[in-house]
Amino acid sequence: MTISSIPLTASSIDIGGNARRNSTLICAPVMGESVDKMLAQARLAREQGADLVEIRLDYLKGFGGDGDLETLIRQSALPTLVTFRPTWEGGQYSGDENTRLSTLRRAVELGASYVDVELKAADQFFKFIDGKKPEKVKVIVSSHNYETTPSSEELGNLVARIQATGADIVKIATTALDITDSARIFQILAHSQVPVIGIAMGEKGLMTRVLSAKFGGFLTFGVIEAGAVSAPGQPTVKDLLELYNFRYIGPDTKVHGVIGNPIGHSKSPHLYNPAFKSVGFNGIYLPLLVDSVAKFLSTFSSPDFVGYSYTIPHKVAGLECCDEVDPVAQAIGAISCMIKKPSDGKLIGYNVDYLGAIAAIEEGLRGMNGTFPASGSPLAGKLFIVMGAGGAGKALAFGGKEKGARVVVANRTFEKAKDLASRVGGQALPLEALSDFHPEDGMILVNTTSVGMKPLTDRTPIPKAALKRYSLVFDAIYTPKLTRLLTEAQELGCATVYGTEMFINQAFVQFEKFTGLPAPKQFIRELLVRNT
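Residues numbered from 1 in each chain as written. Predicted model: local features only at pLDDT ≥ 70, side-chain atom pairs only at ≥ 80, totals over all residues. Heavy atoms only, no water.

Asker: Describe the confidence of the model for the protein chain, and please don't skip the residues or the numbers.
Answerer: In the predicted model, the protein chain carries a mean pLDDT of 93, and 95% of its residues have values of at least 70. Confidence over residues 5-17 falls short of pLDDT 50; this stretch has 25 contacts with residues more than four positions distant or in other chains. (pLDDT = per-residue confidence, 0-100. Contact = heavy atoms within 4.5 Å.)

Asker: Break down the pattern of salt bridges for me, with residues and values.
Answerer: Throughout the structure, instances matching the rule amount to 26 salt bridges. Of the charged contacts in the structure, one is a salt bridge between E324 and K341, with a shortest N-O distance of 4.0 Å. Taken together, the residues span a long stretch of sequence, with E324 in strand β14 (residues 324-325) and K341 in the loop between β15 (337-340) and β16 (347-350) at a distance of 17 residues. Among the residues examined, K341 registers a relative accessible area of 28% and is labelled partly exposed. In this structure, K341 and D344 form a salt bridge, with 3.8 Å as the shortest nitrogen-oxygen distance. Salt bridges sharing common partners tie together R85, E97, R100, D116 and E118. (Salt bridge = Lys/Arg side-chain N within 4 Å of Asp/Glu carboxyl O. Helix = DSSP H or I, 4+ residues; strand = E, 2+ residues; numbered from the N terminus. Buried < 20%, exposed > 50% of the residue type's maximum accessible area, 1.4 Å probe, protein only.)

Asker: Quick one: what's the story with the packing of aromatic side chains, residue by residue and with numbers?
Answerer: Summed over all chains, the structure comprises 16 aromatic pairs. Summarising the aromatic geometry, the rings of Y272 and F276 are spaced 6.2 Å apart at their centres and angled 45° between planes, so their arrangement reads as tilted. Linking Y272 with F276, this pair stays in helix α9 (residues 268-278), spanning 4 residues, or about one helical turn. Taken individually, Y272 and F276 each receive the classification buried, so the pair is uniform in this respect. Measuring from centroid to centroid gives 5.9 Å for F276 and F511, while their planes differ by 40°, and the two rings are tilted. Of this pair, F276 sits in helix α9 while F511 sits in helix α17 (residues 499-515), and the two are 235 residues apart along the sequence. Taken as a pair, F276 and F511 share a single burial class, namely buried. Connected via pairs of aromatic rings, a cluster forms that spans F186, F215, F296, F300, F305 and Y308. Stacked on the ring of Y498, the Lys or Arg K481 has its end atom at 4.7 Å from the ring centre. The positively charged end of K513 is found above the aromatic ring belonging to Y350, 3.7 Å away from the centroid. (Phe/Tyr/Trp six-rings, centres within 6.5 Å; stacked < 30°, edge-to-face > 60°. Lys NZ or Arg CZ within 6 Å of the ring centre and 35° of its normal.)

Asker: Go over the side chain of S377, please, and point to the residues and values.
Answerer: Tracing the backbone shows S377 in the loop between α13 (353-366) and β17 (383-387). Within the structure, the side chain of S377 is placed 3.0 Å from the backbone nitrogen of L379, a separation counted as a polar contact. Apart from the residues lying within four places of it in its own chain, the contact partners of S377 are E362, R366 and K403. (Polar contact = N/O pair within 3.5 Å; in protein donor to acceptor, adjacent residues only side chain to side chain.)

Asker: Hey, could you go over the sheet that holds strand β8 (residues 169-175) for me, with residue numbers and the actual values?
Answerer: With parallel pairing, 8 strands are arranged side by side in an open sheet as β9-β8-β7-β6-β5-β4-β3-β10. Because the sheet does not close on itself, it has two edges, and the strands there are β9 (196-201) and β10 (219-221). With direction set aside, neighbouring strand axes in the sheet form an average angle of 25°. In this sheet, strand β5 (residues 80-83) lies alongside strand β4 (residues 52-56) in parallel orientation, the contact comprising 4 bridges. (Pairing = 2+ DSSP bridges. Axes fitted to C-alpha atoms, helices over the stretch in contact; angles between N-to-C directions.)

Asker: Report on the sheet that holds strand β21 (residues 470-475), specifying residues and quantitative values.
Answerer: The strand order β19-β18-β17-β20-β21-β22 describes an open sheet built from 6 strands, whose pairing is parallel. For this open sheet the edge positions go to β19 (427-430) and β22 (495-497), each flanked by a neighbour on one side alone. Pairs of neighbouring strands in the sheet enclose a mean axial angle of 20°, with direction left out of account. By the bridge criterion, 5 bridges tie β17 to strand β18 (residues 406-411) in an arrangement that is parallel. If you follow L383 over to β18, its bridge partner there is R406. Contacts between helix α14 (residues 391-402) and the sheet are confined to β17, β18 and β20 (443-447), with β17 contributing the most and set at about 170° to the helix.

Asker: Any details on the pairing of β8? Residues and values, ideally.
Answerer: Among the 7 residues in β8, 7 count as buried, and that is most of the element. Neither face of β8 is left uncovered, since the one carrying I169, K171, A173 and T175 and the one carrying V170, I172 and T174 both have all their residues buried. Relative to β8, strand β7 (residues 138-144) runs parallel, the two sharing 5 bridges. Its bridge partner being in β8, S143 is matched across the sheet by I172. Regarding the hand of the β-α-β motif, the stretch spanning β7, helix α5 (residues 152-164) and β8 is right-handed. Sheet topology places β8 next to β9; 6 bridges connect them, and they run parallel. Each residue of the ladder has a partner; that of A173, found in β9, is I199. For the crossover that starts at β8, traverses helix α6 (residues 181-191) and ends in the parallel β9, the hand is right-handed. (Right-handed = clockwise from strand over helix to strand, strands pointing away.)

Asker: Would you mind going over the environment of D58 in detail, with residue names and values included?
Answerer: The topology assignment puts D58 in the loop between β4 and α2 (66-75). Note: C-alpha distance between D58 and A476 (418 residues apart in sequence) is 47 Å. Setting aside its immediate chain neighbours within four residues, D58 contacts T83, F84, R85, G91, Q92 and Y93. Reaching out from D58, the side chain makes a polar contact with the backbone nitrogen of R85 at a distance of 3.3 Å. Here the side chain of D58 touches Q92 through a polar contact of 3.0 Å, landing on its backbone nitrogen.

Asker: Lay out empty space enclosed by the protein with the relevant residues and their values.
Answerer: In the structure shown here, the tally under the stated rule is 2 cavities of 30 Å³ or more. Here the largest cavity defines a volume of roughly 350 Å³. In terms of lining, the largest cavity is formed by 28 residues, of which the most central are T311, K315, Y478, M502 and Q506. In the lining of the largest cavity, the residues fall into 14 nonpolar, 12 polar and 2 charged. By volume, the second largest cavity amounts to about 150 Å³. Lining the second largest cavity are 15 residues, and of these R56, H144, K171, S230 and A231 sit closest to its centre. Elements that contribute at least two residues to the lining of the second largest cavity include exactly β4, β8 and β9. By residue class, the composition of the lining of the second largest cavity is 6 nonpolar, 4 polar and 5 charged. (1 Å grid on protein atoms, 1.4 Å probe; cavity = no way out; pocket = protein on both sides within 12 Å on 5 of 7 lines; lining within 4 Å. Points joined across faces, edges and corners; volume = space filled by probe spheres on them. Nonpolar A, V, L, I, M, F, W, Y, C, P; charged D, E, K, R; others polar.)

Below, the structure written as structure tokens:
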């Protein structure tokens, strides 16, 4: 099952003077332990830009019945969706079922905008209200699967079962075990004839929460505080509105993203989304937690899924999925950027990693006290040690070779080091051998491994004592900007170059490939400063 040709209908709604390109609502769950805390959270949700709040009655301590319920509904700063989730559906309530359903019936009578009832309890609930429901109150009938995402056929049958109960709105929440599970959620959003809330929970389902606006979802959930989630994988209201430009996502919005595993650390969405908005480009850029590149690309084959950055560990797998590969990327054996040609859908691979990194290293060398050739590269003739033999390692090794450096590749898996070294006419070493490797002073050290990346920032790929033989140290990691490796290199008097410089220069190139527009370079630099 693929996302290839889903029919979509555009909508443009003017709210508060600002044109928005979808009607999907943002609902903020409020889970305070008291009525006062819930009302305070509702006010904060309004300030952040949410459209409504989900009142999670099952989180209240000492729920006071009608009095508390009326206060919450009548005094909420936003329209309310009342939920009283039982433990058997993943909630907190473990009391009497008739009492729970009576409370939801009372929420209907008090004028809540929406009431959420679980599919297992829907028939009993509709008997409770006996047809006495104000037209303006909508009943959401929900199903939650905390283990998997069923097949397309099973999801279609589930929608039909929920609709048959008399639901005004269908809600299906599944668990994404693979990012491609999201495609089945998009199918039900796009094809259902009734309003649907469709979500795949977990980090691998994040795209369903953001792209619900593209595929016609009735609402999505955003939390008012990072970490305070009512279900796995919920983004914040702020991220939905400010990072992903949620209001401006439409049926024809082009989808881009960074493909990696892990991917939560990536700052790329913080650069590309604001940059897209700054030039009026109708695109979105997502973090994509991908296990199989081939499966991802074949599943999301729609013309609207158009461009990707590649990071650890998928740069080689990305190349293998390309229809055409830039000659430099082919020589390196890895890509860092993939574009889908609009004319024929072919996937074109590029490697832009080395461009910014080599330029930054050369600039660092020129800024040092020393004598370098007036023309040509200051890397020419230098001993250039590359730690890591993955995609970035290959890019830097080929970049060093191109500039006339003598390349040494050090890698934990020695066979990979030997393979890369042979391709660049260099020397191979086991990574641990660098502790005692000092054939000369003034060497250049380049780290392309993930050692030292958040969250394991106390790690370093090489002992501090070994750094004294190097004149310059570059670390491709950019989260954090100042790694332990760079800190220790600075303490020993080495010149250092941040991974952000590689990142920023390749961002310029990728932006232009994604959009066909000139990169707003100063704007992107300012974004990077704010986000690292």
